[in-house]
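# Reading the structure
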Amino acid sequence: MTGKTLESKLAILSDAAKYDASCASSGSTKRDSRDGKGLGSNEGTGICHAYAPDGRCISLLKILMTNFCIYDCAYCINRVSSNVPRARFSVDEVVRLTIDFYRRNYIEGLFLSSGVIRSPDATMSDMVQIVRRLREEENFRGYIHLKTIPDAAPELIEEAGRLADRLSINVELPTEASMETFASEKNPGQIRRAMADVRLRKEAAGDKTHTGRKAARFAPAGQSTQMIIGADGSNDAAILGESTRLYSSYQLKRVYYSAFSPIPDSSSRLPLVSPPLVREHRLYQADWLLRFYGFDLEEIVSGARDGNLDLELDPKLAWALKHREMFPVDINRADRELLLRVPGFGVKTVNRILSTRRYRTVRYEDVVRMGGSMKKAGPFVTAQGWSPGGLTDTAQLRSRFLPPPQQLSLL
Amino acid sequence: MRHITLPDFGTAAAWRDAARACLREGLAPSDVTWGSEQSERGLFDDQPARAAAPVKQTVPRSFVSLAETVCWHRDADRFARLYAFLWRLKDAPHLIADRGDRELAHLRSMEKSVHRCQHKMKAFVRFREIGDRTAPRRSFAAWFEPTHHTVEPTADFFARRFADMDWRIVTPEKTAIFLDGRLSFAEGQPRPDLPEDAGEALWLTYFRSIFNPARLKVQAMTSEMPKKYWRNLPEAATIPDLIANAPARARAMAEAAPTLPPIRAEKARQQLAAHMSAWEGPKEALPAAIHACTRCPLHRTATQAVPGVGPLDAALMIVGEQPGDQEDLAGLPFVGPAGQLFDKVAQSAGLSRSETFVTNAVKHFKFTPRGKRRLHQRPNSGEIEHCRWWLDAERSLVQPKLVLALGATAAEALTGTGANIMRRRGTIEQLADGTPVLIAVHPSFLLRLPDPAEREKQMALFEADLRLAAQMVLALTARSAGAPTG
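On a predicted model such as this, the values are computed, not experimentally measured, just so you know. (Residues numbered from 1 in each chain as written. Chains lettered and ligands numbered in written order. Predicted model: local features only at pLDDT ≥ 70, side-chain atom pairs only at ≥ 80, totals over all residues.)

## Some details on the overall build of chain B
Across its full length, chain B holds 18 helices and 14 strands. If one aligns the C-alpha atoms of chain B with their principal axes, the spans along those axes are about 115 × 75 × 45 Å. The 486 residues of chain B split such that 35% are buried. Contacts in chain B between residues at least 24 apart in sequence constitute 69% of all its contacts with a sequence separation of at least 6. (Helix = DSSP H or I, 4+ residues; strand = E, 2+ residues; numbered from the N terminus. Buried ≥ 20, exposed ≤ 12 C-beta atoms within 10 Å, placed from the backbone. Contact = placed C-beta atoms within 7 Å.)

## Comments concerning the overall build of chain A
The secondary structure content of chain A amounts to 15 helices and 10 strands. For chain A, the spread of C-alpha atoms along the three principal axes comes to 75 × 60 × 40 Å. Residues classed as buried in chain A amount to 52% of the 411 residues present. Across chain A, contacts joining residues at least 24 apart in sequence account for 67% of those joining residues at least 6 apart.

## Examining the pairing of strand β3 (residues 60–64) of chain A
Residue and element names in this part refer to chain A. With 5 of 5 residues buried, β3 is to be regarded as a mostly interior element. Of the two faces of β3, the one lined by L60, K62 and L64 and the one lined by L61 and I63 are each fully buried. With 5 bridges joining them, β3 and strand β4 (residues 109–113) adopt parallel strand pairing. By the bridge assignment for β4, L60 is matched with G109. (Pairing = 2+ DSSP bridges.)

## Quick look at the interface of chain A and chain B
Contacts between chain A and chain B engage 75 residues on the former and 72 residues on the latter. The greatest single-element share of the side of chain A that touches chain B, amounting to 6 residues, is contributed by helix α6 (residues 188–206) of chain A. Of the residues assigned to the side of chain A that touches chain B, the class counts are 29 nonpolar, 24 polar and 22 charged. (Nonpolar A, V, L, I, M, F, W, Y, C, P; charged D, E, K, R; others polar.)

## Observations concerning the UniProt feature "domain: Uracil-DNA glycosylase-like" (unreviewed entry) in chain B
The sites that UniProt annotates as "domain: Uracil-DNA glycosylase-like" (unreviewed entry) are residues 307–467 of chain B. Along residues 307–467 of chain B one finds 45% helix and 19% strand; the C-alpha atoms at either end are 26 Å apart. (UniProt positions renumbered as here; feature names shortened; annotations may be inferred.)

## Quick look at the packing of helix α7 (residues 236–250) of chain A against helix α8 (residues 277–292) of chain A
Residues and elements named next belong to chain A. Two numbers describe how α7 lies on α8: the axes approach to 11 Å, and their chain directions differ by 45°. Classified by the interaxial angle, the pair formed by α7 and α8 is oblique. Crossing angle aside, the handedness with which α7 passes α8 is right-handed. Residues D236, I239, L240, S243, T244 and Y247 of α7 pack against L283, A286, D287, L290 and R291 of α8. (Axes fitted to C-alpha atoms, helices over the stretch in contact; angles between N-to-C directions. Parallel < 35°, antiparallel > 145°, perpendicular 65-115°, else oblique. Left-handed = near helix turned anticlockwise from the far one by under 90°.)

## Observations regarding the packing of helix α1 (residues 11–25) of chain B against helix α3 (residues 78–89) of chain B
Residues and elements named next belong to chain B. One way to put it is that α1 packs onto α3 with a least axis distance of 11 Å and a crossing angle of 40°. Taken together, the axis directions place α1 and α3 in an arrangement best described as oblique. Note that α1 runs across α3; the crossing there is right-handed. Each of W15, A19, C22 and L23 in α1 lies in contact with α3, whose residues at this interface are F79, Y83 and L86.

## Comments concerning the sheet that holds strand β6 (residues 166–168) of chain A
Sheets are built from strands that pair by backbone hydrogen bonding, the pairs being arranged parallel or antiparallel. All names here are of chain A. Spatial strand order, β3-β4-β5-β6-β7-β8: 6 strands in an open sheet with parallel pairing. The open sheet terminates on both sides in strands that have one partner only, identified here as β3 and β8 (254–259). Strand-to-strand twist across the sheet, computed as the mean angle between neighbouring axes with direction ignored, equals 20°. Sheet analysis places β4 next to strand β5 (residues 143–147), joined by 4 bridges and oriented parallel.

## Topic: helix α14 (residues 381–398) of chain B
Residues and elements named next belong to chain B. Between its terminal C-alpha atoms α14 stretches 25 Å, which fits the 26 Å expected from 18 residues at 1.5 Å a residue. Along its length, α14 reaches its greatest deviation from straightness, about 35°, at C387. Residues of α14 that are buried: E383, I384, C387, W390, L391, E394, R395 and V398. Two residues or fewer after α14 comes Q399, characterised by a positive phi angle close to 50°. (Expected span 1.5 Å × (residues − 1). Bend = angle between axes of the 7 residues up to and from the residue.)

## Side note on helix α12 (residues 347–357) of chain A
Residue and element names in this part refer to chain A. If you check which residues of α12 are buried, you get T349, V350, R352, I353 and T356. When α12 is viewed along its axis, its buried side chains cluster within an angular range of 160° and face the same direction. Looking at the buried side of α12, the elements it contacts are α11 (336–339) and α13 (364–369). (Arc of directions from axis to C-beta.)

## Description of the nonpolar core
L13 and L61 of chain A together with I169 of chain B are the most contacted members of the largest nonpolar core, which totals 167 residues. Setting aside anything within four residues of it in sequence, one finds L61 of chain A in contact with L97, T98, F101, I107, L110 and F111 of chain A together with Y206 of chain B. Listed in part, the 42 residues of the second largest apolar core include V362, W390, L391 and L438 of chain B. (Core = buried A, V, L, I, M, F, W, Y, C linked by C-beta atoms within 7 Å.)

## Examining the domain arrangement of chain A
Taken domain by domain, chain A consists of domain 1 (6–275) and domain 2 (324–401). The straight-line distance from the C-alpha centre of domain 1 of chain A to that of domain 2 of chain A is 41 Å. (Domains from an automatic or database assignment.)

## Looking at unusual backbone geometry
Of the consecutive residues F327 of chain A and P328 of chain A, the connecting peptide bond is found in the cis state with omega at 0°. Examined against the element boundaries, P328 of chain A turns out to sit in the loop between α10 (315–322) and β9 (329–330). Its identity is not glycine, yet Q399 of chain B carries a phi of approximately 50°, on the positive side. Within the element layout of this structure, Q399 of chain B appears in the loop between α14 and β12 (402–406). You can call Q399 of chain B partly exposed: it has 14 C-beta atoms within 10 Å.

## Quick word on the environment of F162 of chain B
For F162 of chain B, the location among the structural elements is in the loop between α5 (151–161) and β5 (166–170). When the C-alpha atoms of F162 of chain B and F144 of chain B are compared, they prove to be 17 Å apart, with 18 residues separating the residues in sequence.

## Some remarks on the environment of A80 of chain B
Along the chain, the position of A80 of chain B falls in helix α3. Sequence-distant contacts of A80 of chain B, defined by excluding residues within four places in its chain, comprise P29 and W34 of chain B.

## Some details on the confidence of the model for chain B
All names here are of chain B. Put simply, chain B has an average pLDDT of 88, and 92% of its residues get 70 or more. At the low end of the mean pLDDT range in chain B sits helix α9 (residues 264–275), at 71; at the high end sits β5, at 96. Across the interface, the model reports ipTM at 0.92; the global pTM reads 0.83. (pLDDT = per-residue confidence, 0-100.)

## Some thoughts on the sheet that holds strand β8 (residues 316–320) of chain B
Residue and element names in this part refer to chain B. Spatially, 5 strands are ordered β9-β8-β12-β14-β13 in an open sheet, and the strand pairing comes out mixed. Among the strands making up the open sheet, the edge pair consists of β9 (356–360) and β13 (428–430). In this sheet, adjacent strand axes meet at a mean angle of 25° when their direction is disregarded. Pairing geometry for β13 and strand β14 (residues 436–440), over 3 bridges, is antiparallel. Note that in β14 the partner of E429 across the bridge is V437. On top of the sheet, helix α15 (residues 407–415) reaches β8, β12, β13 and β14; it is set at about 135° to β12, its chief contact.

## As for the environment of V59 of chain B
Mapped onto the elements, V59 of chain B comes out in the loop between β2 (32–36) and α2 (61–70). Measuring from C-alpha to C-alpha, the distance between V59 of chain B and L89 of chain B comes to 7.6 Å, with 30 residues separating the pair along the chain.

Next comes the structure, spelled out in structure tokens:
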């Protein structure tokens, strides 16, 4: 086991961590090190310090403490039955990497996860020790995201929440049946109870103590989770249904959707096709519609083929094409809820339309300057100087929005 | 014609002072030209301007921050554009909210470019260590080429973040220097020769390893990390290789044959089995069995089953409807708002919760998600029927002298019907095994009553029911204590 250099451990343990999609570093408490006694700051907005050629941002040093694991989850690169090279960081090594990367302005902080070794408690306690060193000895004030182990002892979770900005536990797969198939040793009920526990602790931290003092803060950037898409047979309706339940039950900040992607030394039980990236993208779009645009789950998934979202069109456009009786809407009179449902308009555009409308009539060119995409919105709105005429109801409207057809290759 | 020359350092503050002075004098935008220290002056710049009537100054706050940012844009016409818009604003302050206005749209897009440039500077400055690693104050330097004049407005970010080390950021135009906790600025310099840094090799290793070759999306990368920044990013040198080898690496993963698990796997499996909890006995096992229940679909969406709690020899068993939001999270019955109301009324009625066994007719929370909240849904007869199995198990375990049914669901689970609760409340019915059941309303019904008078009336009735329960328990336990044993 010994003899691995820091560099080779880093290669193994960051390779093992890349299947976690989350890299957010935003939304925590504001703090800085202007007093000269510590290192780091957090200003509310996250910063992506680099982008890898997979298009994902690199904001945090995302590593596993160790990729040894006693579980055998079929979709995971670190499952016990896989023959990938294994390594383990010492506490010192993680602390040194984090501080040295941070000082060179490579990262916003640390995302620490781990395979489960010995027992859940032993693993969680080692992880908490790393974070404690960073916070209390190195006075590190950057961002820390800690992956928690579902059945770790409550006092460890309590300390983790006090030290870290965000906690997360992955629900892994959308349904209990697929958990049973692909991750039989993990208990979905236990994962839900762990998320419930984090929500309760966070709410308790928001209350005043009996002396009127504010309670110690707990995971100020909230909790998130991740679902793997495309490893099991769940359709988008099931996935989105599960995520709406998670958002409402545990006040999650984010549910991440991670397209199942081929891993080194993969299990023979899973499809090794290229990851469904477009599907992942559509799920994120639908997730946004549910949270910020006033859409109901039913509206988004109803009429979908096999309960899956339309891959060719974004979900809002797909919905609008099915509900043409509601369009065109008049930009100068429609209420906020209806404007938010116009394809090509985002929340910002709608706010701008509403604030300008108080003083004057909004014209077609105005909306373009406000950031609205009239290419998409055109058939669905009227404005001064613009009427879609019969366009809204033409049978070919859908084909206007489809990507241009591609000629088949002869080779 | 007035010409105003703004300095290269402290530009935004200088523009603000100058614009304020011009406005006070009533100088129209056509009477002023603006330039910075290096820019050449125009032909008519020195002619005296016509003075108009002094102008009262009130400026919308959001214009101040707009100007503060736009002053650092690289376009030469930024000062004039700002002043022209400010001039229009004094008669029509609402213009600042008119995003359709051509001029404001232009200024806002300039503001956006500067913000983006600042953001990219915060993200893409790469320090190299230039001093002793073990020194009490470590020392770093970076070379950076911003698109706009963003060094000055952004330097404070680095001062807030890296206050316990010395650093400098050198750019062609300005240098920001942070030494012993003090920030200062100097003229720009050509690209310095920074020493090699061992930390950079580790960073490249990280960058290469965190990349997933199976999901190549080059355009998503370049739209956020444009190529113009690449020459100052050490990791960018590895990108062409990563892209070129990605398809082959992804293919190799897909084609590789599955391997046999290592010997370690079997040992780990045994270790894991040791951590699983085991059944111990019928009594203690009941809560665990309820937790593991999958008899109806509610278990899929709820956090956990909430079994009853209380002494197993309690004389009184209280049956509610189902766990609510709070109960579902905490795993305990009657801790939410309805439970708290119940506790309050029970106390004044002389019922002690610590001496009763409290449970629900249905053990899992049924709800529909609505945004960030969960709306309670009444369990249907099928769900009540499935869960009656557990309620019966609890009843046979505790063997209460009296059961108090709160609300229609509890009544249905216990007596088979939940109809006419308002007529049945306060009355006593018999279970199949002869145990008496006292029917009462559910406390959440009281919480929902909008009319204060009606609420007070129902509250009094509820308290009377609980008082009756307390008296019955006393009577029933006294009778059984007095009865001959054997």
